[in-house]
Amino acid sequence: MSDTVRIAYSPCPNDTFVFHAWAHGLVPGAPGLDVTFADIDITNGMAERGELDVLKVSYAVLPWILDAYALLPCGGALGRGCGPLVLTREPGEAARLEGRTVAVPSERSTAYLLFRLWAADMLPGGVGEVVVLPFHEIMPAVRDGKVDAGLVIHEARFTYQDYGLHCLADMGEHWETTTGLPIPLGAIVAKRELGEQRLRQLADAARTSVRMAWADPEASRPYVLEHAQEMDPAVADQHIGLYVNEFTAGLGEDGYAAVHGLLTRAAAEGLVPPLGRDALSFVRPG
């Protein structure tokens, strides 16, 4: 077995912070990483096509890939107070979105599932057209009137006011209020064909890399800023502080409950295929 693992994750600060130590050969006993940087919509597609050994993907895509990939219990992004936002040019009530055009970063994203679950509760008349745009194009499109609203993720939480935009609704706040659970955003998955021993090794490496990043935050800073797409360092720090937390080191009972809850509710709305038995198990029985 090769001692190099092909992995894809985003250039966002939370991912580069989490994987810095591992990607730079600093995690004792861990396999080397051959890293591809790609936005989440790209990595979701890679997972659906069975490309690469390890991928950072949206939790929303899991129902389509869990036959081939196992969910690792660490390295991903869940949290509280960190959900996607619906932005508009003018402040107003949610009902204003009925029949309107909304830009989203991906229809296979957790953000989109949270939006659809929110809309099912809050917009009896439904939204109008949903258009997919790269997430960095969404706020300019709302500002310029190309769409009526935009669903934004990541650092847009901290920068949308720079575009003169208003937060119409917080998808994560709605999720937390209705479920009491953390918000599941991004998952780390690895090919099941690698075998149980390798999967456990990869999970251990990811967990150790997270803990090393926390132990010496300054060590990862050049790597984070190199890939942060000209992001203000203070915003990068906020991004890391929000998305790298206890659930990154280990999903735990609440983390697994959040993932199962999201995908079960989404399946009930017809948004994703239903989960099979033991689908979320790190290593399946038998």
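Rules of the game
Residues numbered from 1 in each chain as written. Predicted model: local features only at pLDDT ≥ 70, side-chain atom pairs only at ≥ 80, totals over all residues. Heavy atoms only, no water. Buried < 20%, exposed > 50% of the residue type's maximum accessible area, 1.4 Å probe, protein only. Helix = DSSP H or I, 4+ residues; strand = E, 2+ residues; numbered from the N terminus. Pairing = 2+ DSSP bridges. Salt bridge = Lys/Arg side-chain N within 4 Å of Asp/Glu carboxyl O. Contact = heavy atoms within 4.5 Å. 1 Å grid on protein atoms, 1.4 Å probe; cavity = no way out; pocket = protein on both sides within 12 Å on 5 of 7 lines; lining within 4 Å. Points joined across faces, edges and corners; volume = space filled by probe spheres on them. Nonpolar A, V, L, I, M, F, W, Y, C, P; charged D, E, K, R; others polar.

Undergrad: Explanation requested: the pairing of strand S11 (residues 183–191) in the structure shown.
TA: Taken residue by residue, a regular strand's side chains alternate between the two faces of the sheet. Counted residue by residue, S11 has 9 buried out of 9 residues, so it is predominantly covered. Both strand S3 (residues 54–58) and S11 contribute to a ladder of 5 bridges, which runs antiparallel. Among the inter-strand pairings, Val54 is bridged to a residue of S11, identified as Ala190. Pairing between strand S4 (residues 69–71) and S11: 3 bridges, direction antiparallel. Bridge pairing links Ala70 to Ala190 in S11. Pairing geometry for strand S5 (residues 77–79) and S11, over 3 bridges, is antiparallel. Within S11, the position partnered with Gly79 by the bridge is Ile183.

Undergrad: Can you help me understand the pattern of salt bridges in this one?
TA: It is possible for side chains of opposite charge to pair when their charged atoms get near one another. Throughout the structure, instances matching the rule amount to 12 salt bridges. A salt bridge links Arg198 to Asp3; the nearest nitrogen and oxygen atoms lie 3.7 Å apart. Here Arg198, found in helix H8 (residues 196–215), pairs with Asp3, found in the segment before strand S1 (4–9); they are 195 residues apart in sequence, far enough to count as distant. Glu48 serves as the salt-bridge partner of Arg108, at 2.4 Å between the closest nitrogen and oxygen. Here Glu48 lies in helix H2 (residues 40–48) and Arg108 lies in the loop between strand S7 (102–104) and helix H4 (110–122), a separation of 60 residues in the sequence.

Undergrad: Even after reading the chapter, I still don't get the side chain of Asn44, so can you show me in this structure?
TA: Mapped onto the elements of the fold, Asn44 is located in helix H2. Here Asn44 is in contact with Val57, Ser58, Val61, Ser106 and Arg108, once residues within four sequence places are set aside.

Undergrad: How should empty space enclosed by the protein be read in this particular structure?
TA: Empty space left among the atoms is revealed by rolling a probe the size of a water molecule over them. Going through the model one piece at a time under the given rule, you end up with 3 cavities of 30 Å³ or more. As a volume, the largest cavity reaches approximately 260 Å³. Lining the largest cavity are 22 residues, and of these Ile40, Ile153, His154, Leu185 and Gly186 lie nearest its centre. When residues of the lining of the largest cavity are traced back to their parent elements, those giving at least two are helix H1 (13–23), S3, H4, S11 and helix H10 (233–243). As a volume, the second largest cavity reaches approximately 50 Å³. As for the second largest cavity, its lining consists of Pro11, Cys12, Pro13, Asp39, Phe135, Glu155, His227, Ala228, Gln229 and Met231. Taken together, the residues of the lining of the second largest cavity break down into 6 nonpolar, 2 polar and 2 charged.

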